[in-house]
Amino acid sequence: MDADRKGRRDDSPRQRLQGELRQLREVRARERGRVQRTEPPSGGGRSRLDQPRTTRPGLITLPTYDPEAFGKLSERIARFLGTGRFIVWMTIVVIVWVGWNTVLPDQVHFDDYPFIFLTLMLSLQASYAAPLILLAQNRQADRDRVNMEQDRARSDRNIADTEYLTREVAALRQGLGEVATRDFLRSELQALLKEIDERRETSDVL
């Protein structure tokens, strides 16, 4: 009887550990089943919540573009619009347009007086030129702001360096003021020699 009781007492901690391990395994199996239920199929369906969306949801996807390349193109166009070459070419086009539709026969006219199509083209050109010029100006303003910030930081560093050098020069002047110069040493030696001579004379007198 005593041996059976001892065996039961020895087996009880093992049984407890085995029971706890069994419970942990069951909990893990339940969690795996829940995860498998919540995960969407790989072929399609809802997207995972732990991953960011790359595109905006919707039926129509807008085309993407490189803003830097578009900005450079707008600056080139704005530079061309602000040159005399553009004015010359624009004048030539208008003269040829008006001459074609007035001097030549009526069969070849494509925009009779009062030249509505020409007015439409000029207004269209102006409507595109104004935003391009504004975009180029905004980019130039951004560059100017960055350059101003860099110049301000550079000037602050120069001021700090100048103040540091000024303090160093002042410290050197103070240090040099305490250093014995050649004239000071000469005067001290002369005074010492004079004192030695006076002592010799007094000793000779005595």
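Parameters and conventions
- Residues numbered from 1 in each chain as written.
- Predicted model: local features only at pLDDT ≥ 70, side-chain atom pairs only at ≥ 80, totals over all residues.
- Heavy atoms only, no water.
- Patch = residues over 30% accessible without salt bridge, like charges linked within 9 Å, V, L, I, M, F, W, Y side chains within 5 Å.
- Areas by Shrake-Rupley, 256 points an atom, 1.4 Å probe, with all protein chains shown as cover.
- Salt bridge = Lys/Arg side-chain N within 4 Å of Asp/Glu carboxyl O.
- Lys, Arg positive; Asp, Glu negative; His and termini not counted.
- Charge placed at Lys NZ, Arg CZ, Asp CG, Glu CD.
- Helix = DSSP H or I, 4+ residues; strand = E, 2+ residues; numbered from the N terminus.
- pLDDT = per-residue confidence, 0-100.
- Contact = heavy atoms within 4.5 Å.
- Buried < 20%, exposed > 50% of the residue type's maximum accessible area, 1.4 Å probe, protein only.
- Expected span 1.5 Å × (residues − 1).
- Arc of directions from axis to C-beta.

Asks: What is the right way to read a positive patch on the surface from this model?
Replies: There is a patch of like positive charges on the surface, built from Arg 22, Arg 25, Arg 28 and Arg 32. Mapped onto the elements of the fold, Arg 22 is located in helix α1 (residues 2-38).

Asks: Help me understand the confidence of the model for the chain in this model?
Replies: Low pLDDT means the predicted coordinates in that region are not meant to be read closely. Per-residue confidence for the chain averages 78 on the pLDDT scale, and 75% of its residues sit at or above 70. Looking at the elements of the chain, mean pLDDT is at its lowest for α1, recorded as 65, and at its highest for helix α3 (residues 84-102), recorded as 88. Per-residue pLDDT stays below 50 along residues 1-10; that stretch engages in 0 contacts with residues further than four places along the chain or on separate chains.

Asks: Hey, could you run me through the pattern of salt bridges in this one?
Replies: Side chains carrying opposite charge are able to pair once their charged atoms draw close together. Summed over all chains, the structure comprises 6 salt bridges. When the shortest N-O distance is used, the salt bridge between Arg 143 and Glu 75 registers 2.9 Å. Here Arg 143, found in helix α4 (residues 116-178), pairs with Glu 75, found in helix α2 (residues 67-81); they are 68 residues apart in sequence, far enough to count as distant. For Glu 75, a relative accessible area of 8% puts it in the buried group. A salt bridge links Asp 142 to Arg 145; the nearest nitrogen and oxygen atoms lie 3.1 Å apart. Taken together, the residues span about one helical turn, with Asp 142 and Arg 145 both in helix α4 at a distance of 3 residues. Look at Asp 142 and you get partly exposed, because its relative accessible area is 36%. For Arg 145, a relative accessible area of 46% translates into the label partly exposed.

Asks: Is there a simple way to think about α2 in this case?
Replies: Residue pairs three or four apart in sequence face the same way in an α-helix, which turns once every 3.6 residues. In this model α2 runs 21 Å from its N-terminal to its C-terminal C-alpha over 15 residues, within 8% of the 21 Å that 1.5 Å per residue would give. Taken residue by residue, α2 has Gly 71, Ser 74, Glu 75, Ala 78 and Leu 81 as its buried positions. Burial along α2 is one-sided: seen end-on, the buried residues are contained in an arc of 125 degrees. Of the exposed residues in α2, those oriented more than 90 degrees away from the buried face are Arg 76 and Arg 79.

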